Amino acid sequence: VLRCLGIPTRVITNFNSAHDKNLNLSIDKYIDVSGNNLHLSEDSVWNFHVWNESWFIRRDLGSFYDGWQVLDATPQEKSKGIYQCGPASTRAIKEGDVNLDYDSPFVFAAVNADCVTWIRYSKKRKERIYSDTRKIGKFISTKAVGTNSRVDVTANYKYPEVKEISFKISYSQYKNSLMDDRKILVTAV
C-alpha cells in the first residue's frame, strides 16, 4: 500500500529474531539441576521474522531519525493497547535509543537481545550458566532492486559484533572481582 502512495518500501528479514516478551533484552531459558526445561519464560527466538521498512522524514522525532522506518504488519504484542508496531527508526534502533515511541524497544530487542540460560535451584535462587550475546539479529536482509540477490542491511540496525577473547588469570589475584562471572573477557573491536 505504501508503495502505491509513492513511499519507498522494502521487505526485511531478520534471522534469529528475538521475541522478548518482557523487554529486558534477554531471551531467558530456565532449566532445573537435571537440565530439564522449566518453561518459565514467554521469550523465544524465531528462525526468522519479516517486517517492512519505509522511508520517512521524521518531523516528530527530529531529522536525525529520518530514513528507513520499521513497520510490522504482523505484530505479536500490543503497543499502546492495540496490535501495532512502528514506525520505529532504524537509526534509533542502531543507536540504542529505546526510549522513543513507536516500538523502538521491541525492535531493538528483536535484533540485539542476549540468549541467557539459567539454572533454577529454588524459587529464590537461580544462577546464570550461559550467555550468548551474538546469536540474535543475523543476516538482516532485503532483496536487491532489479535482481533476486540478497542485500545485507544488518549494519543499518546494529554495529558490528565485538570479538571476545578469553584468557586465564590467577583466581587468587582477582577473586573479589571474579565472584560473579569467574572469568574475565577482553573485548576487542
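Just so it is clear, the structure is predicted and the values come from calculations on it, not from any experiment. (Residues numbered from 1 in each chain as written. Predicted model: local features only at pLDDT ≥ 70, side-chain atom pairs only at ≥ 80, totals over all residues. Heavy atoms only, no water.)

## Regarding the pattern of salt bridges
- Under the definition given, this model contains four salt bridges.
- Among the salt bridges present, the one from E53 reaches R10, with a minimum N-O distance of 2.7 Å. With E53 in strand β3 (residues 44-56) and R10 in strand β1 (residues 9-19), this pair connects stretches of sequence that are 43 residues apart.
- Taking the shortest distance from any N to any O, the salt bridge between K21 and E42 comes out at 3.7 Å. Here K21 is found in the loop between β1 and β2 (26-31), whereas its partner E42 is found in the loop between β2 and β3, with 21 residues between them in sequence.
- For E42, a relative accessible area of 58% puts it in the exposed group. (Salt bridge = Lys/Arg side-chain N within 4 Å of Asp/Glu carboxyl O. Helix = DSSP H or I, 4+ residues; strand = E, 2+ residues; numbered from the N terminus. Buried < 20%, exposed > 50% of the residue type's maximum accessible area, 1.4 Å probe, protein only.)

## Focus: the sheet that holds β1
- The six strands are arranged β7-β4-β3-β1-β10-β11 in an open sheet whose pairing can be described as antiparallel. Either end of the sheet is taken by a strand with one partner, and the two such strands are β7 (88-89) and β11 (150-152).
- In terms of strand pairing, β1 meets β3 through 10 bridges, oriented antiparallel. Residue F15 lies in a different strand from β3, and its bridge partner there is F48. (Pairing = 2+ DSSP bridges.)

## What about the environment of I7?
- Mapped onto the elements, I7 comes out in the segment before β1.
- Residue I7 is classed as partly exposed on the basis of its relative accessible area of 25%.
- For the pair I7 and S54, spaced 47 residues apart in sequence, the C-alpha to C-alpha distance is 6.6 Å.
- Setting aside chain neighbours within four positions, we find I7 in contact with L2, S54, W55 and F56. (Contact = heavy atoms within 4.5 Å.)

## Brief notes about the pairing of strand β10 (residues 138-143)
- As judged from the two bridges shared by β1 and β10, these two strands associate in the antiparallel manner. Looking at β10, one finds that F15 is bridged to K138.
- Sheet topology note: the β10/β11 ladder contains three bridges and is antiparallel. Bridged to S141 within β11 is D152.
- With antiparallel pairing between neighbouring strands as the criterion, β10 and β11 make up a hairpin whose turn holds six residues, including G146 at a positive phi of roughly 85°.

## A word on the sheet that holds strand β8 (residues 114-120)
- Strand order in the open sheet formed by three strands is β2-β8-β9, and the pairing between neighbours is mixed. Looking at strand neighbours, the two that pair on one side only are β2 and β9 (126-132), the edges of this open sheet. Averaged over all neighbouring strand pairs, the angle between strand axes comes to 25°, with direction disregarded.
- By the bridge criterion, six bridges tie β2 to β8 in an arrangement that is parallel. When the bridges of β8 are listed, K29 appears paired with T117. (Axes fitted to C-alpha atoms, helices over the stretch in contact; angles between N-to-C directions.)

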